[in-house]
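Examining the three-dimensional arrangement
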Amino acid sequence: MNRCLAMLGMAKKAGKLAVGGEASATAARRGDAKLIITASDASEASVRRAKTNAESNGVKYAAVPFTMFELGTTAGRGSPGTIAFLDKGLADGFMKRAAQAQDTKESDAN
């Protein structure tokens, strides 16, 4: 399993995810969200809302290379276009692994 998705699974087990656009927006407004991510196949409207919610509430935002199906399978709920991490350590771990995966991809391409 991808190491990023493994971090997502850990956050799910810990109860530290807000799954879906509305849940992510609510978590951001409350100050609970530490990172908001959107799926690679999320609608433009979902991406725009996620970015706006993140920027308006001082939350990090990232578009990830996983589909809504992949995120939903790991998060255990439907096919969400947007997910918020509610724990800084888990959010940081997810982003660190995402950066490492990107670095590996770029190295393999060269």
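The sections below set out a description of the structure shown in this document. (Residues numbered from 1 in each chain as written. Predicted model: local features only at pLDDT ≥ 70, side-chain atom pairs only at ≥ 80, totals over all residues. Heavy atoms only, no water.)

**A short note on the overall build of the chain**
Assigned secondary structure in the chain consists of 5 helices and 4 strands. Overall, the chain shows an N-to-C arrangement of helices and strands of α-β-α-β-α-β-α-β-α. Expressed along its principal axes, the backbone C-alpha trace of the chain runs to roughly 40 × 30 × 25 Å. Of all 110 residues assigned to the chain, the portion counted as buried reaches 40%. Restricting the contact set of the chain to residue pairs at least 6 apart, pairs at least 24 apart contribute 79%. For the chain, the computed accessible surface area is about 6,200 Å², with 50% contributed by carbon and sulfur atoms. Separation of charge centres in the chain, based on 16 positive and 11 negative side chains, amounts to 7 Å. (Helix = DSSP H or I, 4+ residues; strand = E, 2+ residues; numbered from the N terminus. Buried < 20%, exposed > 50% of the residue type's maximum accessible area, 1.4 Å probe, protein only. Contact = heavy atoms within 4.5 Å. Areas by Shrake-Rupley, 256 points an atom, 1.4 Å probe, with all protein chains shown as cover. Lys, Arg positive; Asp, Glu negative; His and termini not counted. Charge placed at Lys NZ, Arg CZ, Asp CG, Glu CD.)

**Considering the pairing of strand E3 (residues 60-63)**
The pairing of strand E2 (residues 35-38) with E3 spans 4 bridges and is classified as parallel. Looking at the pairing, Thr-38 lines up with Ala-63 of E3. This β-α-β element, E2 to helix H3 (residues 44-56) to E3, shows right-handed connectivity. (Pairing = 2+ DSSP bridges. Right-handed = clockwise from strand over helix to strand, strands pointing away.)

**Observations concerning the sheet that holds strand E4 (residues 82-85)**
Whenever strands of a sheet pair, they do so through backbone hydrogen bonds, lying parallel or antiparallel. Read from one edge of the open sheet, 4 strands run E1-E4-E2-E3, paired in mixed fashion. In the strand order of this sheet, the two ends are held by strand E1 (17-19) and E3, each with one partner. Strand-to-strand twist across the sheet, computed as the mean angle between neighbouring axes with direction ignored, equals 20°. Two strands pair when backbone bridges link them, and E2 and E4 are joined in this way by 4 bridges, in the antiparallel orientation. Within E4, the position partnered with Leu-35 by the bridge is Phe-85. The sheet strands contacting H3 are E2, E3 and E4, and the helix crosses E2 at an angle near 170°. (Axes fitted to C-alpha atoms, helices over the stretch in contact; angles between N-to-C directions.)

**Notes on the nonpolar core**
In this structure, Leu-17, Ile-37, Leu-71, Ile-83, Phe-85 and Phe-94 are the most contacted members of the largest nonpolar core, which totals 22 residues. Broken down by secondary-structure element, the contributors of at least two residues to this core are helix H1 (3-14), E1, E2, helix H4 (68-75), E4 and helix H5 (88-109). In terms of residue count, the dominant contributor to this core is H1 (5 residues). In contact with Phe-94, other than residues within four places in its own chain, are Cys-4, Met-7, Leu-8, Leu-35, Ile-37, Val-64, Phe-66 and Phe-85. Core analysis: the next-biggest nonpolar cluster, separate from the first, contains 9 residues, Ala-33, Ala-50, Val-59 and Ala-84 among them. (Core = buried A, V, L, I, M, F, W, Y, C linked by side-chain atoms within 4.5 Å.)

**Observations regarding the packing of aromatic side chains**
Scanning the entire structure with this criterion turns up 1 aromatic pair. On the numbers, 5.0 Å between centres and 45° between planes, the contact of Phe-85 with Phe-94 is tilted. (Phe/Tyr/Trp six-rings, centres within 6.5 Å; stacked < 30°, edge-to-face > 60°.)

**Regarding H3**
For H3, spanning 13 residues, the distance from its first C-alpha to its last is 18 Å, which sits close to the expected 18 Å at 1.5 Å a residue. Three or more residues of H3 are buried, namely Ser-46, Val-47, Ala-50, Asn-53 and Ala-54. Taken end-on, H3 shows its buried residues confined to a sector of 135°, consistent with a single buried face. Pointing more than 90 degrees away from the buried face of H3 are the exposed residues Glu-44, Arg-48, Arg-49, Glu-55 and Ser-56. Contacts from the buried residues of H3 go to helix H2 (21-30), E2, E3 and E4. (Expected span 1.5 Å × (residues − 1). Arc of directions from axis to C-beta.)

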